[in-house]
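Structural overview for review
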Amino acid sequence: MPELPEVETIVRGLRNQLTHLKFSKVAVNLEKCIQGSPRSFACFLEGKRILHVERRGKNIVIRLSGGHTLLIHLRMTGRLWVVPGDAPLEKHTHVVFSFQGRPWQLRFLDPRQFGRLTVEKSRAGAESAALAALGPEPLEISDRKFVSLVRSKRRSVKPLLLDQHFLAGVGNIYADEALHRAQIHPRQRVERLEGKIILRLFRALRQVLQEAIRAGGTSVRTFVDAHGSAGRFQKFLRVYGREGEACRTCGAAILREKVGGRSSYYCPRCQPIRRYKLKNQPREIVAIDPGN
DNA sequence: CTGCATGTTAGGTT
DNA sequence: CAACCTAACATGCA
C-alpha cells in the first residue's frame, strides 16, 4: 500500500491529532507485529508523551519524550487509523493505542501481518539503525547529489530507484510513473544514461511524488489515510496498473514486464532503451596480482 | 484452482 | 564488496 506520498499523507493526518498527547494504554493483540518484547513495548510507551510525528522514507517516526522513538513501517497492507474508542474492532486489528484525556484511539491493522512497530530507546548521539541505513530523501537532496549518486552505480534503473539504501521512499508505483514521465525504460542501465537524462529522471520523480502528496496518495487497493479517506492520485497514473491500455502520450499499448522481480509497467514507444557512449569506463586491469 | 499484490530481508550466487 | 536472484512472510482478490 504505502509509498512515500501515502506515508506522508498518513503522517500529516496524524500530526495535529497526536502531537503533545500522552499514551494511557497500549494493547497488543498480535505479538509478531512488535519488534522485541511486546510486553515491554506496551509498558515502555504508557505514560510517554508524543513530541512530533514525522516521516523518513516509508517509515512513520513518532518522537517521544526522553529522546525515544516509536517507528512504524506499514509494509504492504498495514493501516493506521483514528477511531472513537467505542467503535467495534475491525478484523486484523493488532495494536490499539489510547491517550490520556481523549475518547478516541489510534489502531494499527494489517491483514498480511507484514507491518512492524519498534520502540527505539534513545542512545547518545545515535539515530536508530533502521533509519540510518536509508538513502536520502528524494524531496530533500539537490540535483547534483542525485546525479552523482546515480553515477556511482552500475545497475538497471528501476531496481535502483526501489533500493531504499540508495533513495528512501520510492516504491513500485512511483518508480514506474517517474520512468514514464522521463521516457526511460525500466531495464535501462544507469551507466548508459547521459547526465541530462539523469536530471530529467530526478525532476520527473520529484514532480510525481509532489503531485501525489497533493492528491492525498494513490488508492489502488486498500490505501486510506488516518481518517479513512481514499487518495485521488490513482486517476492520474499514466502506466501503473494499465497493462494493455493506451499510453496517454502516444496511444501505444502499455506493457507489463518483470524487472528485478517486480511488475513494471511501461510504454514501449515512449520509453526506449538508450545507449549513450560510455566514457571513462575502466577498460582493463592495470596490474596483475601475482598471487603467491 | 491459479496467479498476483503499493515491501523488506535473509541467504544464496556471480 | 556490489549486484542480482529467489523465497519467505499471510491474506485477499480476480
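Description of the structure in this document.

Regarding its fold elements, chain A presents seven helices and ten strands. Each principal axis of the C-alpha distribution contributes one length, and for chain A these read about 65 × 60 × 30 Å. Put simply, chain A has 292 residues, and 50% of those count as buried. Here chain A holds 52 positive side-chain charges and 26 negative ones, and the gap between their average locations is 2 Å.

With that settled, the discussion passes to the sheet that holds strand β5 (residues 79-84). Across the sheet, which stays open at both edges, the four strands sit in the order β1-β6-β7-β5 with antiparallel pairing between neighbours. In this open sheet, the two edge strands, each paired with only one partner strand, are β1 (23-28) and β5. The sheet shows a mean angle of 20° between the axes of neighbouring strands, taken without regard to direction. The sheet contact formed by β1 and strand β6 (residues 93-99) spans five bridges and is antiparallel. Note on β6: the bridge partner recorded for Val28 is Val95. Its contacts with the sheet place helix α1 (residues 4-18) against β5, β6 and β7 (104-109), and it is angled at close to 150° to β7.

This structure, assessed with the given rule, holds eight aromatic pairs. Measuring from centroid to centroid gives 6.1 Å for Tyr174 and Phe233, while their planes differ by 40°, and the two rings are tilted. Here Phe233 lies in the loop between α7 (195-214) and β9 (255-259) and Tyr174 lies in helix α6 (residues 172-181), a separation of 59 residues in the sequence. Comparing Tyr174 with Phe233 shows no difference in burial state: the two are buried. Between Phe233 and Phe236, the ring centres sit 6.0 Å apart and the planes meet at 40°, which makes this aromatic pair tilted. Three or more aromatic residues joined by ring pairs make a cluster, and in this case those are Phe23, Phe97, Phe99 and Trp104. It is Arg79 that lies over the ring of Trp81; its NZ or CZ is 4.5 Å from the centre.

All right, on to the pairing of β5 then. For β5, a buried count of five out of six residues is recorded, marking the element as mostly surrounded by other parts of the structure. In this structure, β5 lies alongside β7, joined through six bridges in antiparallel fashion. Residue pairing in the sheet places Val83 in a bridge with Gln105 of β7.

In the vicinity of DNA strand C, the residues found are Lys32, Lys91, His92, Pro111, Arg112, Gln113, Phe114, Lys153, Arg154, Arg155, Arg189 and Gly260. Protein-adjacent atoms of DNA strand C, using a 4 Å cutoff, are sugar or phosphate at a proportion of 72%. The separation between a phosphate oxygen of DNA strand C and a polar side-chain atom of Lys91 is 3.3 Å. Measuring from a base nitrogen of DNA strand C, one finds a side-chain N or O atom of Arg112 at 2.6 Å. Of the residues belonging to the surface near DNA strand C, the class tally is two nonpolar, three polar and seven charged.

With that settled, consider α7. For α7, spanning 20 residues, the distance from its first C-alpha to its last is 29 Å, which sits close to the expected 28 Å at 1.5 Å a residue. For α7, every residue scored as buried is listed here: Ile197, Ile198, Leu201, Phe202, Ala204, Leu205, Val208, Leu209, Ala212 and Ile213. Viewed along the axis of α7, the buried residues span an arc of 165°, placing them on a single side of the element. Residues Lys196 and Arg214 are exposed on α7 and point more than 90 degrees away from its buried face. Following α7 by one or two positions, Gly216 adopts a phi angle in the positive range, close to 75°.

The next thing to look at is the pattern of salt bridges. One pass over the full model with this rule turns up 13 salt bridges. Linking Glu137 and Arg55 is a salt bridge whose minimum nitrogen-to-oxygen distance equals 2.8 Å. With Glu137 in the loop between α3 (129-132) and α4 (143-151) and Arg55 in strand β2 (residues 50-56), this pair connects stretches of sequence that are 82 residues apart. Assigned by exposure class, Glu137 and Arg55 land together as buried. Residues joined in a network through salt bridges with shared partners are Glu8, Arg12, Arg55, Arg56 and Glu137.

What counts and what doesn't
- Residues numbered from 1 in each chain as written.
- Chains lettered and ligands numbered in written order.
- Predicted model: local features only at pLDDT ≥ 70, side-chain atom pairs only at ≥ 80, totals over all residues.
- Heavy atoms only, no water.
- Helix = DSSP H or I, 4+ residues; strand = E, 2+ residues; numbered from the N terminus.
- Buried < 20%, exposed > 50% of the residue type's maximum accessible area, 1.4 Å probe, protein only.
- Lys, Arg positive; Asp, Glu negative; His and termini not counted.
- Charge placed at Lys NZ, Arg CZ, Asp CG, Glu CD.
- Pairing = 2+ DSSP bridges.
- Axes fitted to C-alpha atoms, helices over the stretch in contact; angles between N-to-C directions.
- Contact = heavy atoms within 4.5 Å.
- Phe/Tyr/Trp six-rings, centres within 6.5 Å; stacked < 30°, edge-to-face > 60°.
- Lys NZ or Arg CZ within 6 Å of the ring centre and 35° of its normal.
- Near = heavy atom within 4 Å.
- Polar contact = N/O pair within 3.5 Å; in protein donor to acceptor, adjacent residues only side chain to side chain.
- Nonpolar A, V, L, I, M, F, W, Y, C, P; charged D, E, K, R; others polar.
- Expected span 1.5 Å × (residues − 1).
- Arc of directions from axis to C-beta.
- Salt bridge = Lys/Arg side-chain N within 4 Å of Asp/Glu carboxyl O.

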